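Listed here are the chains, written in short residue letters.
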Amino acid sequence: MDAKNRISELIDLINYHNNRYYNEDSPEISDFEYDKLMKELIKLEEENPKLKRADSPSSRVGGKPLDKFNQVTHKIPMLSLSNAYSAQDLRDFDKRVRDSINEGVEYVVEFKIDGLSVGLTYNNGIFEKGATRGNGIIGEDITQNLKTVKTIPLKVEDNEEIVVRGEVYISKENFETINKIQEEEGLQLFANPRNLAAGTLRQLDSKLTAKRPLDIFIFNLEYIENTELKTHSESLEYLNKLGFKVSPNYKVFSDMDEIIKHIDYWTVNRSNLPFEIDGMVIKVNNLSQREKMGYTAKSPRWAIAYKFPAEQKKTKLIDIIVEVGRTGTITPTAILEPVRLAGTTVSRATLHNEDYINEKDIRIGDTVIVQKAGDIIPQVVEVVKDERTGDEIIFKLPEKCPVCSEPTVRLEGEAAVKCINISCPAQIRRGIIHFASRDAMNIEGLGESIVTLLLDNKIIKDIADLYYINKEDIINLERMGEKSASNLVNAIEKSKQNDLYRLINGLGIKYIGVKGAKVLAKNFKSLDEIINADMSELINLEEFGDIMANSVIQFFKEEKNIGVIKKLEDAGVNTKSIVSEDKGLVNIFEGMKIVLTGTLPTLKRNDAKEMIEARGGKATSSVSKSTTFVLAGEEAGSKLTKANELGIPVIDENEFLEMIEHTSKEDVEMMIK
Ligand code: ZN
């Protein structure tokens, strides 16, 4: 058989077995045999590059890493839906729909899958282009990554141009498995399945994407050239027939009360699904009715997304432990009977301070209601007092530091109780963890457990010691090994070249966070200059007052601190300001106060903050009358409520990304109103 025919045969065979495995769940051959077919195909294609077909399943394993993603303009704008939060919102929507089309209406109700929205374009049956939503008009070309998603067909039996939209997600089970591996390797955990799916799809190296078991549900036929399709449900059936994995469990309704009942059911039962959903989507079924209703500037008038309230669970508070923070603050933490909540298993929750515990009357042994704030940090909402047995124990913060046994202090006017012993080992440990953290020196792999390991084995005593670690010193430590040891040493080495602000933040000067560190790095040429600065110079810096300026002076007065800095310099850690080049950005957010809240679909919170600050805006943390607008993500919580109360405009990530595209402040002001 010649190469061309064998390639065709292999493609057919692999596609057949893929289908058995992924869609029918009944594989006929072992993984080993499957890999053998794939390897043969890849080899033949490498030997005969001209014979490689666009729909070859070999692209499932990823290709060459990219430098960056290209931009794509969507053929059909990928709009976002407006949101509903209550049954009343849904009834209002129903009324708007009926008023505007003046005839009977049917709705399709689907799960709102908690993942990343993508658009897929097929030409002559071949999967040609896949893109992220971006700002709805322009997205990123992630075709190579999407080809690694096994449930996206590379070829379909329809020769017209077709554009579909779907949600890429990762199952709860795979999410837990990946987080377990991250944990074992000392890497940062993913906050939820959505973050994991989004991060994986935006990898420049598609071979890495291919290793993660992403999945997709297609939920809309965006474009087709010639069609007899009259309803959305017909189009989903058609897509299913073509081989797409369509939105599961979609249902057609003609009555809003029935829909509300259906939604109530899933509000309670969604935790039984193998994937995360964060709401339900209600769409008008009839396509010509949809056309008649049209669009607002931002979203279609014929659909709405109902968002579930933050998931709450009941569990037992087994114990309250206390931990000593970097600045000596003693923080109580609740130890909970593990419970699954919004995508992860929760076994701890912050209790903030003694006042918080007293106000809520939280006792050891209580049954409590927990939820995740902004869907990330678990917290105790309330105590179920009806379930008390009388055996609950009232908690008191210890009068001695649990680590160094020095007496603790509660300063006047502060809620926090502190250990003020500067040699307290707990504070040193926290200080090193802070030094390595993402906003500071950003040393990958140097998390809490590794810092503890290094301290316990007397490899380090302070932050500067990190730069004197040899691979040989750590290779034999428990849970370390060759690979992790060299990764760690490399990550530490790399951090020597960091911007000065990272080092300043990492030093952990009281009251000087990442923002203050940036101001210092911007206004002085080197760490030396900052050390020698006097009060009047510091106090004149933007956003600096007495307290911050004084704290800087005090910090550098300590001989111990100067000694550590000398050791860092000797090791070759950069202490000079790297003058950042003018990026030519216009201050479109000048004079604006912008509050970030919730989890954004694609941007990291810090990135959004940097984007605001680089354009002259101020990212503040609490909503007040002077707030210009709130940038809200999923499960935004109390800040969003407050913004609504005060009538402060709220925008989502897409609108924000659209603003960033503009180059005049006036344009942005128009968009806020
Ligand atoms: Zn202490």
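Note that the structure is a prediction, hence the values are computed from the model and not measured.

Caption draft 1: Molecular detail of the pattern of salt bridges. Using the criterion set out here, one finds 36 salt bridges in the structure. Close ionic contact of E276 with R340 constitutes a salt bridge, the shortest N to O distance being 3.8 Å. Here E276 is found in the loop between α9 (256–269) and β10 (277–284), whereas its partner R340 is found in strand β13 (residues 329–341), with 64 residues between them in sequence. Assessed through its relative accessible area of 11%, E276 is described here as buried. Among the salt bridges present, the one from K471 reaches E482, with a minimum N-O distance of 2.7 Å. Here K471 is found in helix α14 (residues 471–474), whereas its partner E482 is found in helix α15 (residues 481–495), with 11 residues between them in sequence. On the basis of relative accessible area, K471 is assigned to the partly exposed category, the value being 25%. Using a relative accessible area of 48% as the deciding quantity, one classes E482 as partly exposed. In the salt-bridge network here, residues are joined through shared partners; they are D361, R363, D366, K385 and R388.

Caption draft 2: Geometry of the coordination of the zinc ion. Donor atoms from the polypeptide that coordinate the zinc ion comprise C401 (SG), C404 (SG), C419 (SG) and C424 (SG), at 2.3 to 2.4 Å from the metal. Because the angles between the 4 donor atoms bound to the zinc ion fall within 99 to 116 degrees, the donor set is best described as tetrahedral. Spacing between the donor residues of the zinc ion along the chain follows C-x2-C-x14-C-x4-C. The class for C401 is buried, based on a relative accessible area of 2%.

Caption draft 3: Expanded view of the side chain of S551. Tracing the chain through its elements places S551 in helix α20 (residues 546–557). Polar contacts involving the side chain of S551 include one to the main-chain carbonyl oxygen of K510, which spans 2.6 Å. Setting aside its immediate chain neighbours within four residues, S551 contacts I509, K510 and Y511.

Caption draft 4: Main features of the environment of M38. You can see M38 is positioned in helix α2 (residues 31–47). Residues M38 and T227 lie 189 residues apart in sequence; the distance between their C-alpha atoms is 36 Å.

Caption draft 5: Quick peek at the packing of aromatic side chains. Under the counting rule described, the total for this entry stands at 15 aromatic pairs. A centroid spacing of 6.0 Å and a plane angle of 10 degrees characterise the contact between F589 and F656, whose relative ring orientation is stacked. In this pair, F589 is assigned in the loop between α21 (559–571) and β21 (593–597) and F656 in helix α24 (residues 653–661), connecting sequence segments 67 residues apart. The pair formed by F589 and F656 is uniform in burial state, with each residue classed as buried. Joined through ring pairs, the aromatic side chains of F111, Y169, F217, Y265, W266 and F275 make up one cluster. In this structure, K518 packs its charged tip against the face of Y501, placed 5.0 Å from the ring centre.

Thresholds applied
- Residues numbered from 1 in each chain as written.
- Predicted model: local features only at pLDDT ≥ 70, side-chain atom pairs only at ≥ 80, totals over all residues.
- Heavy atoms only, no water.
- Salt bridge = Lys/Arg side-chain N within 4 Å of Asp/Glu carboxyl O.
- Helix = DSSP H or I, 4+ residues; strand = E, 2+ residues; numbered from the N terminus.
- Buried < 20%, exposed > 50% of the residue type's maximum accessible area, 1.4 Å probe, protein only.
- Donors = N, O, S within 2.8 Å, 3.2 Å for Na, K, Ca; no water.
- Tetrahedral: all angles 85-135°; square planar, octahedral: opposite > 155°, others 65-115°.
- Polar contact = N/O pair within 3.5 Å; in protein donor to acceptor, adjacent residues only side chain to side chain.
- Contact = heavy atoms within 4.5 Å.
- Phe/Tyr/Trp six-rings, centres within 6.5 Å; stacked < 30°, edge-to-face > 60°.
- Lys NZ or Arg CZ within 6 Å of the ring centre and 35° of its normal.

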